[in-house]
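Here is how the chains run, residue by residue.
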Amino acid sequence: MLLSNHQMIEEARKVLRPRQLAHDNTAGDVACALLSASGKLYYGVCIDVGSGMGFCAEHSAIAAMVTAGETGIAKIVAIWGDGVVLPPCGRCREFMHQIDSSNFGTTEVVLSETCSVILSELLPHPYDEVWQD
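Along each chain, numbering runs from 1 in the same order as the chain's sequence is written. In keeping with the predicted nature of the model, local features appear solely for residues at pLDDT of at least 70, side-chain atom pairs appear and are counted solely at 80 or more, and the whole-chain, interface and lining totals rest on all residues. With hydrogens and water stripped out, all remaining heavy atoms of the structure feed into the side-chain values.

K.L.:
Looking at this model, I keep getting lost on the environment of T106. Mind explaining?
P.N.:
Examined against the element boundaries, T106 turns out to sit in helix α4 (residues 103-106). When accessible area is computed with a 1.4 Å probe and restricted to protein chains, residues below 20% of their type maximum are described as buried, those above 50% as exposed, and intermediate ones as partly exposed. We classify T106 as partly exposed; its relative accessible area is 47%. Taking the C-alpha atoms as reference points, T106 and A74, separated by 32 residues in sequence, lie 6.7 Å from one another. Contacts: residue pairs with any heavy atoms within 4.5 Å of one another. With residues up to four places along the chain from it excluded, the contact list for T106 reads I73, A74 and I118. Of note is the side chain of T106, whose polar atom sits 2.8 Å from the backbone oxygen of S102. Runs of E in the DSSP output that reach at least two residues are strands. Runs of H or I that reach at least four are helices, and both are numbered from the N terminus. For this analysis, a polar contact is any N or O atom pair within 3.5 Å, provided that within protein one partner can donate a hydrogen and the other can accept it, and provided that sequence-adjacent residues contribute only side-chain to side-chain pairs.

Here it is as structure tokens:
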């Protein structure tokens, strides 16, 4: 079951609920929907806290997927505000690759309702390529 970009964006919108945390920290400004290779949906939100200890919505959704015993990502999207699609940051791109190397050539990253790319297009030189034959 491969969802359309629009459907993925709507799934992410379900968990997009910005809120204030203690000590002027925030959560939920960015939300992520992840469709695993097995067809299950996982969700995550960003947590922004001081001292650089926060994490992106993609990390949160990937953690939920890994907790459930999966590593393959079929499709992923992150949104902010009124549903503005955000491309994954470099750390998230590398994280997707490091979790499962097959994600590099297969994960579809949603960039808008009409545009998606494969992770390798956003991460042309993964960190570990220097050690690959």
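K.L.:
Can you walk me through the nonpolar core in this structure?
P.N.:
What tends to happen in soluble globular proteins is that the nonpolar side chains get buried as a cluster. In terms of nonpolar packing, the biggest core is built from 18 residues, with L34, I62, M65, I73, I76, M96 and V109 touching the most fellow members. For this core, the element with the highest residue contribution is helix α2 (residues 57-67), accounting for 4 residues. Sequence-distant contacts of I76, that is, excluding residues within four places in its chain, are made with M8, C32, A33, L34, E58, M96, T107, E108, V109 and V110. Judged by nonpolar contacts, the second largest core, of 14 residues, contains M8, I9, V15 and A33. What we call a nonpolar core is a set of buried Ala, Val, Leu, Ile, Met, Phe, Trp, Tyr and Cys residues that are connected through their side-chain atoms within 4.5 Å.

K.L.:
Could you clarify how one ought to interpret the pattern of salt bridges in this entry?
P.N.:
Oppositely charged side chains can pair when the atoms bearing their charge come close. One speaks of a salt bridge when a side-chain nitrogen belonging to Lys or Arg is within 4 Å of a carboxyl oxygen belonging to Asp or Glu. Tallying each qualifying case throughout the model produces 3 salt bridges. When the shortest N-O distance is used, the salt bridge between E11 and K14 registers 3.0 Å. A residue is classified by how much of its surface remains accessible, and K14, at 53% relative accessible area, is exposed. A salt bridge links K75 to E108; the nearest nitrogen and oxygen atoms lie 3.5 Å apart. Residue K75 is found in strand β4 (residues 73-80), and its partner E108 is found in strand β6 (residues 108-112); the two are separated by 33 residues along the sequence. For E108, a relative accessible area of 19% corresponds to the buried category.

K.L.:
What is the right way to read helix α1 (residues 5-13) from this model?
P.N.:
Every buried residue belonging to α1 is among N5, M8, I9, E11 and A12, and all of these are buried. Down the axis of α1, the buried side of the element spans an arc of 160 degrees, and every buried residue falls inside it. Looking at the buried residues of α1, the elements they touch are β2 (26-36), β3 (41-48), β4, β5 (84-86), β6 and β7 (115-118). Directions pointing from the helix axis toward each C-beta atom define the arc.

K.L.:
I'm lost on the environment of Q132 in this one. Help?
P.N.:
Within the element layout of this structure, Q132 appears in the segment after α5 (119-122). For the pair Q132 and T67, spaced 65 residues apart in the sequence, the C-alpha separation amounts to 28 Å.

K.L.:
What should I look at first to understand unusual backbone geometry in this one?
P.N.:
Glycine aside, residues mostly have negative phi, and peptide bonds are mostly found in the trans state. Phi at H23 takes a positive value of approximately 60 degrees, unusual for a residue other than glycine. H23 gets classed as exposed once you look at its relative accessible area, which sits at 75%.

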